[in-house]
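Structural overview for review
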Amino acid sequence: MNFLKTDHEIIVIGVSTGGFKALEVILSKLPEGFNLSVIIVQHRKKDPDDFFIDYMNKKTSLHIKEAEDKESIKPGVGYIAPPEYHLLVEMDHTLSLSVDPPLKYARPSIDMLFETAAEAYESKVAGVILTGANDDGSKGLKKIRKYGGMAIIQDPVTAEAPMMPKNAIKIAGADHILSLANIGKFLGRLS
Amino acid sequence: MGDIANRNLEIDLFLEAMYKKYGYDFRNYSRASIKRRIEHRLKLTGLKTISAMQHELINNWNFFEIVLRDFSINVTEMFRDPSFYKAIREEIIPKIKDFQQINIWHAGCATGEEVYSIAVLLKEEGIYDKTRIYATDFNKDVLEKAKQGVYPAKFLKQYILNYREAGGMGSFTDYYTAKYEFVLMDSSLKKNILFSDHNLTCDTVFGEMDVIICRNVIIYFNIELQNHVFKLFLDALGNPGFLCLGSKETVSISDYVDNFEAINRKEKIYKKVDKRAVL
Ligand SMILES: C[S@@+](CC[C@H](N)C(=O)[O-])C[C@H]1O[C@@H](n2cnc3c(N)ncnc32)[C@H](O)[C@@H]1O
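Attention here is on the structure that accompanies the text. (Residues numbered from 1 in each chain as written. Chains lettered and ligands numbered in written order. Predicted model: local features only at pLDDT ≥ 70, side-chain atom pairs only at ≥ 80, totals over all residues. Heavy atoms only, no water.)

**As for the overall build of chain A**
Counted only if it meets this: Each helix is a run of DSSP H or I of at least 4 residues and each strand a run of E of at least 2, with the numbering of both proceeding from the N terminus. Values of the radius of gyration come from C-alpha atoms, whereas the globule rule sets the reference at 2.2 Å times the count of residues to the power 0.38. Burial here depends on accessible area, computed with a 1.4 Å probe over protein chains only, as a share of the maximum for the residue type. Under 20% is buried, over 50% is exposed, and the range in between is partly exposed. By definition, residues are in contact when any of their heavy atoms lie within 4.5 Å. For the purpose of counting charges, residues Lys and Arg are taken to be positive, whereas Asp and Glu are taken to be negative. His and the chain ends are not included. The location of each charge is read from NZ of Lys, CZ of Arg, CG of Asp or CD of Glu.
Check the secondary structure of chain A and you find 6 helices and 9 strands. The C-alpha atoms of chain A give 15 Å as radius of gyration, which agrees with the globular expectation for 191 residues (16 Å, within 12%). In terms of overall dimensions, chain A has C-alpha extents of about 40 × 35 × 30 Å along its principal axes. Here chain A holds 191 residues, and the buried ones make up 59% of them. Across chain A, contacts joining residues at least 24 apart in sequence account for 71% of those joining residues at least 6 apart. Here chain A holds 23 positive side-chain charges and 25 negative ones, and the gap between their average locations is 6 Å.

**A word on the overall build of chain B**
Quick reminder of the rule: Note on areas: Shrake-Rupley with a 1.4 Å probe; residue coverage comes only from the protein chains shown.
When you go through chain B residue by residue, the secondary structure sums to 11 helices and 10 strands. Taking 19 Å as the expected radius of gyration for a compact globule of 279 residues, we find that chain B reaches 20 Å, a close match to that expectation. C-alpha extents for chain B along the principal axes are approximately 60 × 60 × 30 Å. Sorting the 279 residues of chain B into buried and exposed places 53% on the buried side. Across chain B, contacts joining residues at least 24 apart in sequence account for 75% of those joining residues at least 6 apart. For chain B, the exposed surface amounts to about 12,900 Å²; the carbon and sulfur share of it is 51%. Each charge class in chain B can be summarised by its mean position, and for the 39 positive and 38 negative side chains these summaries are 2 Å apart.

**So, the sheet that holds strand β3 (residues 63-66) of chain A**
All names here are of chain A. In plain terms, the rule: When DSSP finds two or more bridges between a pair of strands, those strands are recorded as paired. For helices, the axis comes from a line fit to the C-alpha atoms of the stretch in contact; other axes are also lines fit to C-alpha atoms, and the angle between any two N-to-C directions lies between 0 and 180 degrees.
Read across the open sheet, the 7 strands follow the order β3-β4-β2-β1-β7-β8-β9; overall the sheet is parallel. At either margin of the open sheet sits one strand with a lone partner, and together these are β3 and β9 (176-178). Each strand of the sheet is rotated relative to its neighbour by a mean of 20°, with strand direction disregarded. In this structure, strand β8 (residues 150-154) lies alongside β9, joined through 3 bridges in parallel fashion. For Ile152, the partnering residue across the bridge sits in β9 and is His176.

**Remarks on the pairing of strand β7 (residues 125-129) of chain A**
Residue and element names in this part refer to chain A. Worth spelling out the cut-off: Here is how to tell: hold the view so the strands point away, follow the path from the first strand over the helix to the second, and if it runs clockwise the crossover is right-handed.
For β7, the tally of buried residues reaches 5 of 5 residues, placing the bulk of the element in the interior. Going residue by residue along β7, you find Val125, Gly127 and Ile129 tucked away on one face and Ala126 and Val128 tucked away on the opposite face as well. Pairing of strand β1 (residues 10-15) with β7 involves 5 bridges; the strand directions are parallel. By the bridge assignment for β7, Ile13 is matched with Val128. After leaving β7, the chain enters helix α4 (residues 138-146) and then returns to the sheet as β8, a path that is right-handed.

**Examining a nonpolar patch on the surface**
Residues and elements named next belong to chain B. For clarity, the cut-off: The patch calculation keeps residues exceeding 30% relative accessible area without a salt bridge and links them within 9 Å when they carry like charges or within 5 Å when they are nonpolar (Val, Leu, Ile, Met, Phe, Trp, Tyr). Only one rule defines a salt bridge in this text: a Lys or Arg side-chain nitrogen within 4 Å of an Asp or Glu carboxyl oxygen.
A cluster of nonpolar side chains, namely Val150, Phe182 and Leu184, defines an oily patch on the protein surface of about 230 Å² accessible area. Inspection of the secondary structure puts Leu184 in strand β5 (residues 182-185). Classification of Leu184 as partly exposed rests on a relative accessible area of 35%.

**A short note on the interface of chain B and chain A**
Heads up, the rule is: Accessible-area loss on putting two parts together, using a 1.4 Å probe and summing over both, is the definition of buried area adopted here. Any N or O atom pair separated by 3.5 Å or less is treated as a polar contact, with the protein-specific requirement of one donor-capable and one acceptor-capable atom, and with residues adjacent in sequence counted only for side-chain atom pairs. Throughout, the ten residues Ala, Val, Leu, Ile, Met, Phe, Trp, Tyr, Cys and Pro are labelled nonpolar, Asp, Glu, Lys and Arg are labelled charged, and all others, Gly among them, are labelled polar.
Chain B puts 27 residues into the contact, and the matching count from chain A is 25 residues. A buried area of about 2,000 Å², summed over both sides, lies between chain B and chain A, and 53% of it is on carbon and sulfur atoms. Of all residues in chain B, the largest losses of buried area upon contact with chain A belong to Ile4, Arg36 and Lys248 of chain B, amounting jointly to 33% of the total for that side. Where Arg36 of chain B meets Glu115 of chain A, a salt bridge forms, and the shortest distance between an N and an O atom there is 3.0 Å. Counting every contact that joins chain B to chain A gives 13 residue pairs in polar contact (both at pLDDT 80 or more). Looking at the side of chain B that touches chain A, the elements with two or more residues in it are α1 (3-22), α2 (31-45) and α10 (223-236) of chain B. Looking at which element gives the most residues to the side of chain B that touches chain A, the answer is α2 of chain B, with 7 residues. Class assignment for the residues of the side of chain B that touches chain A results in 10 nonpolar, 7 polar and 10 charged.

**Some details on the side chain of Asn167 of chain A**
All names here are of chain A. Position of Asn167 relative to the elements: it lies in helix α5 (residues 163-171). Under the relative-accessibility criterion, Asn167 is labelled buried at 13%. Here Asn167 is in contact with Asn134, Asp135, Ser138 and Ala172, once residues within four sequence places are set aside.

**Focus on the sheet that holds strand β1 (residues 102-107) of chain B**
Remark on secondary structure: sheet strands pair via backbone hydrogen bonds, oriented parallel or antiparallel. All names here are of chain B. Spatially, 7 strands are ordered β6-β2-β1-β7-β8-β10-β9 in an open sheet, and the strand pairing comes out mixed. Here the strands that pair on one side only, and so sit at the sheet edges, are β6 (193-197) and β9 (260-264). Mean inter-strand twist for the sheet, computed between neighbouring axes without regard to direction, equals 20°. Note: β1 against strand β2 (residues 131-137), 6 bridges, orientation parallel. Directly across from Ala107, in β2, lies its bridge partner Thr136.

**Section: the site of the ligand**
For clarity, the cut-off: Definition of nearness: a residue and a molecule or strand are near each other if at least one heavy atom of the residue lies within 4 Å of the molecule or strand.
The full set close to the ligand counts 22 residues, and Tyr29, Thr76, Arg80, Asp137 and Asn199 of chain B are the nearest of them. Bordering the ligand are residues originating from chains A and B. In this structure, Thr76 of chain B approaches the ligand through a side-chain N or O atom, which is 2.6 Å from an oxygen atom. Side-chain polar atom of Asn199 of chain B to a nitrogen atom of the ligand: 2.8 Å apart, as the coordinates give it.

**Overview of the nonpolar core**
Defined as follows: Joining through side-chain atoms within 4.5 Å is the link that ties buried Ala, Val, Leu, Ile, Met, Phe, Trp, Tyr and Cys residues into a set, and such a set is a nonpolar core. For each domain, the first and last residues come from an automatic or database assignment.
Core analysis: the biggest nonpolar cluster contains 80 residues, and Ile39 of chain A together with Phe26, Trp105, Leu200 and Leu243 of chain B have the highest contact counts within it. Each of domain 1 (2-71) and domain 2 (82-272) of chain B accounts for three or more of the residues forming this core. The contact partners of Ile39 of chain A, leaving out residues within four places of it in the chain, are Ile10, Ile11, Val12, Ile13, Ile73, Tyr79, Leu87, Val89, Leu95 and Leu113 of chain A. Ranked by size, the runner-up nonpolar core spans 43 residues in total, among them Val120, Leu121, Leu143 and Phe242 of chain B.

Rendered as structure tokens:
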């Protein structure tokens, strides 16, 4: 699978219901020195203590942080969208936040992250849709594929909430349908 | 040139046309967000390309007004981020309450919910009568709504929760009258508020301010435009002068980082550094 090696620069991940556990499984599988950037939208509640970020940092070789407005996207860093803000990727490979109204009832919106990432990174982006009980992300994943990026979807049978991966398969189609643990290993080899 | 590059060029030209023809400058707004709105409008018009839409923009004033509204995101609420209001009560009010007169500039006030929230707070702190609130936005529609102070009652439950969490000292129901599915803010809150049209990209300072509140506005600007706005705020602030940003906005990435001292980092409350005192 060497052909994958230089192809991808960023991984965008969208996850909803059951996201905490799913992210833990995946992020903990990334090897030491992993040098892609990972940008994550998880539908989650406000977390005044940064518990989520602190916890994930203990589980992975990535440096996990909350995404900040106007910051540059760096390799080896995992950015998590803050609750109540949309997260967008700019053409100059920086991040923007916004308080636009929720999209498909979601803020942050997976579609918004994926669509802007597709335009900014074209074939250099891998989009990952995980467990969730809605259809956010499928439109964005479709756009990622349209611009030559890769779509990885959690096998709905293994998902805590199968609807989001099912919808993504139906609307965007997948390049790979894998279990959580295998998604982690697969992404680990993109570096 | 690829597909995406061509479209970005069309967007550059569209924004250029908007500026040259109508004087509204969105060239330094965060591009990803502006682009989404242009593309959304393109879909609604049924036109084929952004260039075709640019022709419409140049030749049709009504269409310009529609685009202007597209570009102004007005999402807001009463006591948004309650902990911020609590910090204002605890950390700013004590520092300004003995002033003879207090000037507050609320920039990018949208439909006014935040302005009335501050008015309530000032009243409870006993300093409303000597305060003048300048509430500005570049969108005349939202200013009109802000002036009226009429809001849908369906959000009241959330607002009352926010009010309490923000350290409200009375009952929020004292500040409005309910009519059918609407509430009308009390006129005693309105008397010292001046709503007016002001564009942060091109308009100037209009008075010396003790507090500037500008939340969730510069998040839509690129660094260059953020710098422009910080300079404007620096010029407008007296000494002491306080600047309050939204919870995901900061001066720390700007050229003016040394001109502001954080007095509450989490709530993004800054004090202007008095350069005279340093010298
Ligand atoms: C998301 S709202 C924020 C409202 C409120 N401050 C809050 O935080 O809830 C942003 C507001 O900024 C205004 N705005 C955007 N660009 C502006 C500019 N150049 N000058 C003045 N106001 C602007 C918009 O019209 C909109 O009402």
